[in-house]
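Topology and contacts: notes
Okay, here's what each chain looks like letter by letter:
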Amino acid sequence: MSTFPSDDPIWNAIEAEATRQETHLELIASENHTSHEVMAAMGSCLTDKYAEGYPGRRYYGGCEHVDEVETICRDRAKSLFGATHANVQAHSGSQANVAAYMALLEPGDRVLGMSLDHGGHLSHGHPKNFSGLFYDFHAYGVERDTERLDLDRIRAQALELKPKLLLAGASAYPRAIDFEGLASIAREAGSLFMVDMAHIAGLVAGGQHASPVPHADIVTMTTHKTLRGPRGGLILTTKDWIKQVNSAIFPGEQGGPFMHAIAAKGIALREASEPAFSDYAERVVANAARLAATLTERGLRIVSGGTDNHLMLVDVSGVSLTGADAEEALGAVGVTCNKNLIPYDPQPPMKASGVRIGTAAVTTRGLGTAEMETLGGLIADVLHAPSDEAVRARVARSVAELTGAFPIRGESAAVARG
Ligand code: DSN
């Protein structure tokens with residue numbers, strides 16, 4: 001295409017990805033669509049700049065402008081989340097977690113975190129992940145009958161194990177997490193308390209989930225999920241851990257910070273502090289609730305019976321599918337989601353019995369609760385007849401109508417972004 005900077009085929013692939021995003025409904029719960037401003041900062045000249053160190057204390061010259069960028073970004077993070085200190089340099093959520101563990105723990109220390117099989121995260125102690133390799137991780141999970149966390153059970157485990165660190169946070173848990181209650185358990189067990197709020201950071205910023213910041217020693221997050229910023233990590237603390245966090249990030253585990261990403265994080269934090277973002281967060285949660293209710297009405301089982309946040313897990317074993325089958329069938333009609341283990345899943349992770357569905361990205365492009373009812377009906381149509389080509393063709397047409405009516409960077413998305 002003539003607008004490409006060169007004839008490099010990578011530009012064709014980028015163009016194709018733009019078309020894929022525009023023509024599919026993105027229900028992957030960890031994804032979102034960023035603003036023009038965030039995108040522009042990511043593609044700015046700041047990508048060229050090395051700035052190892054922190055504002056005012058760099059190992060390179062010429063850092064006066066990136067110092068300003070990082071200082072603004074840090075201040076916005078502190079102000080938005082009510083934290084005393086922030087480090088905005090982590091390249092990703094996992095790298096934020098590396099730094100938090102390095103700040104709080106010695107190698108081999110005991111940690112109690114949420115089981116990946118019940119909705120936790122790889123970097124919360126998976127045996128093949130650095131976390132499981134370097135620290136002594138133990139897991140708590142959800143109850144078999146309620147599929148929710150039970151604080152009494154976690155308390156008993158914590159008092160028995162006496163972990164150095166109690167870790168909260170999840171990548172596939174649809175219910176509100178009682179951070180205050182968990183902090184109290186940590187105190188009773190003599191443990192430090194850390195929260196990875198990657199998935200719900202935007203809901204916390206928008207007032208749709210209680211904040212862990214006042215209760216935790218360290219809070220980590222990603223900036224690209226519900227927070228709707230660029231790919232990246234961010235660390236907050238209201239306690240006295242910032243020196244340890246800063247030196248864990250640099251020189252502990254990273255070299256030069258990605259200044260373009262820090263600029264984009266700063267822009268996203270400004271966007272998230274505007275009133276329109278609170279409306280957005282409210283609509284994300286309302287959309288998830290309506291979608292879960294519609295799927296339930298159509299005979300699909302939602303893990304734990306519903307959702308309090310931006311995501312839900314649909315148990316597709318009840319319609320004799322694996323999560324992998326469901327992901328494929330929905331992908332074929334333009335609905336993108338991911339297979340996901342459900343609690344006590346008899347299937348292996350690459351098949352799984354569930355799909356995870358989130359509403360952050362579709363809410364950004366402007367879909368509301370009426371569209372969630374339509375979408376829920378379409379998803380149910382496919383999951384009840386996954387091999388029926390006539391159903392697939394009809395649903396694909398309806399998805400195309402929705403994506404056409406709600407372009408990612410069109411008017412409805414501009415209104416949704418505020
Ligand atoms: N991979 C992310 C998710 O999909 O939830 C977590 O890092």
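Data block above holds the structure.
Here's what I pulled together on the structure shown here. (Residues numbered from 1 in each chain as written. Predicted model: local features only at pLDDT ≥ 70, side-chain atom pairs only at ≥ 80, totals over all residues. Heavy atoms only, no water.)

To continue, consider the overall build of the protein. Looking only at helices and strands, one finds 16 helices and 15 strands in the protein. The C-alpha atoms of the protein give a radius of gyration of 21 Å, which matches the 22 Å a tight globule of 418 residues would have. Overall size of the protein, expressed as C-alpha extent along the three principal axes, is 60 × 60 × 40 Å. Every one of the 418 residues in the protein was classed for burial, and the buried ones make up 57%. Of the contacts made within the protein by residues no fewer than 6 positions apart, 73% connect residues no fewer than 24 positions apart. (Helix = DSSP H or I, 4+ residues; strand = E, 2+ residues; numbered from the N terminus. Rg over C-alpha atoms; globule rule 2.2 N^0.38 Å. Buried < 20%, exposed > 50% of the residue type's maximum accessible area, 1.4 Å probe, protein only. Contact = heavy atoms within 4.5 Å.)

This part takes up the site of the ligand. Neighbouring the ligand are the residues S30, H121, S171, H199, K225 and R356. S30 has a polar side-chain atom sitting 2.7 Å from an oxygen atom of the ligand. Here H121 contributes a side-chain N or O atom positioned 2.8 Å from an oxygen atom of the ligand. For the ligand, the accessible surface in isolation is 230 Å², of which the surrounding protein chains cover 63%. A class-by-class count of the residues in the shell around the ligand yields no nonpolar, 4 polar and 2 charged. (Near = heavy atom within 4 Å. Polar contact = N/O pair within 3.5 Å; in protein donor to acceptor, adjacent residues only side chain to side chain. Areas by Shrake-Rupley, 256 points an atom, 1.4 Å probe, with all protein chains shown as cover. Nonpolar A, V, L, I, M, F, W, Y, C, P; charged D, E, K, R; others polar.)

Our focus in this paragraph is helix α14 (residues 369-384). Relative to the 22 Å expected for 16 residues at 1.5 Å per residue, α14 spans 22 Å between its end C-alpha atoms, a close match to the ideal helical length. Buried within α14 we find E371, M372, L375, G376, G377, L378, I379, A380, D381, V382 and L383. (Expected span 1.5 Å × (residues − 1).)

Further remarks concern the side chain of N32. By secondary structure assignment, the location of N32 is in the loop between β1 (25-26) and α2 (36-42). According to the relative accessible area criterion, N32 is buried, its value standing at 14%. A distance of 3.0 Å separates the side chain of N32 from the backbone oxygen of K225, its partner in a polar contact. Within polar-contact distance, the side chain of N32 engages the side chain of Y280 at 2.9 Å. Leaving out residues up to four positions away in the same chain, N32 has contacts with H224, K225, T226, R228, Y280, A360, A361 and T364.

The next point concerns the pairing of strand β15 (residues 354-358). For β15, the tally of buried residues reaches 5 of 5 residues, placing the bulk of the element in the interior. Going residue by residue along β15, you find G354, R356 and G358 tucked away on one face and V355 and I357 tucked away on the opposite face as well. Direction of pairing for strand β12 (residues 311-315) relative to β15: antiparallel, over a ladder of 5 bridges. Bridge assignment links M312 to a residue of β15, and that residue is I357. Across 3 bridges, the pairing between strand β14 (residues 338-340) and β15 is antiparallel. (Pairing = 2+ DSSP bridges.)

Under the criterion given, the structure shown has 20 salt bridges. Of the charged contacts, one joins E327 and K339 as a salt bridge, the two residues approaching to 3.4 Å between their closest N and O atoms. Of the two residues, E327 is situated in helix α12 (residues 323-332) and K339 in strand β14; the sequence distance between them amounts to 12 residues. Taking relative accessible area as the criterion, K339 reaches 21% and is therefore assigned partly exposed. Ionic pairing is found between D381 and R394, a salt bridge with its closest N-O pair at 3.2 Å. (Salt bridge = Lys/Arg side-chain N within 4 Å of Asp/Glu carboxyl O.)

Note that soluble globular proteins tend to have their nonpolar side chains buried in a common cluster. Within the largest apolar cluster, 61 residues are counted, with the highest numbers of intra-cluster contacts made by F81, L166, F193, M197, L227 and L236. Looking at this core element by element, the count peaks at 8 residues for helix α10 (residues 259-272). In this view, L166 contacts L112, Y140, I154, L182, I185, A186, S191, L192, F193 and M194; residues no more than four positions away in its chain are not counted. Membership of the second largest hydrophobic core comes to 35 residues, among which are V335, A380, L383 and V391. (Core = buried A, V, L, I, M, F, W, Y, C linked by side-chain atoms within 4.5 Å.)

The strands making up a sheet associate through backbone hydrogen bonding, with each pair oriented either parallel or antiparallel. If you trace the 4 strands from one edge of the open sheet to the other, you get β11-β12-β15-β14, paired in antiparallel fashion. At either end of the open sheet lies a strand with only one pairing partner, and these are β11 (301-302) and β14. Most of the contacts of helix α11 (residues 275-297) go to β12, to which it runs at about 15 degrees, and overall it touches β11, β12 and β15. (Axes fitted to C-alpha atoms, helices over the stretch in contact; angles between N-to-C directions.)

So, on to the packing of helix α3 (residues 64-81) against α10. When two helices pack together, their arrangement is given by the angle between the helix axes and by the axis-to-axis distance. The geometry of α3 relative to α10 is characterised by a closest axis approach of 9 Å and an angle of 35 degrees between their N-to-C directions. For the pair α3 and α10, the crossing hand works out as left-handed. Two secondary-structure elements touch here, α3 through V66, V69, E70, C73, R76, A77, L80 and F81 and α10 through M259, I262, A263, K265, G266, I267, L269, R270 and A272. Looking at the contact of α3 with α10, its residues break down into 12 nonpolar, 1 polar and 4 charged. (Left-handed = near helix turned anticlockwise from the far one by under 90°.)

Keep in mind these values describe shape, not function.
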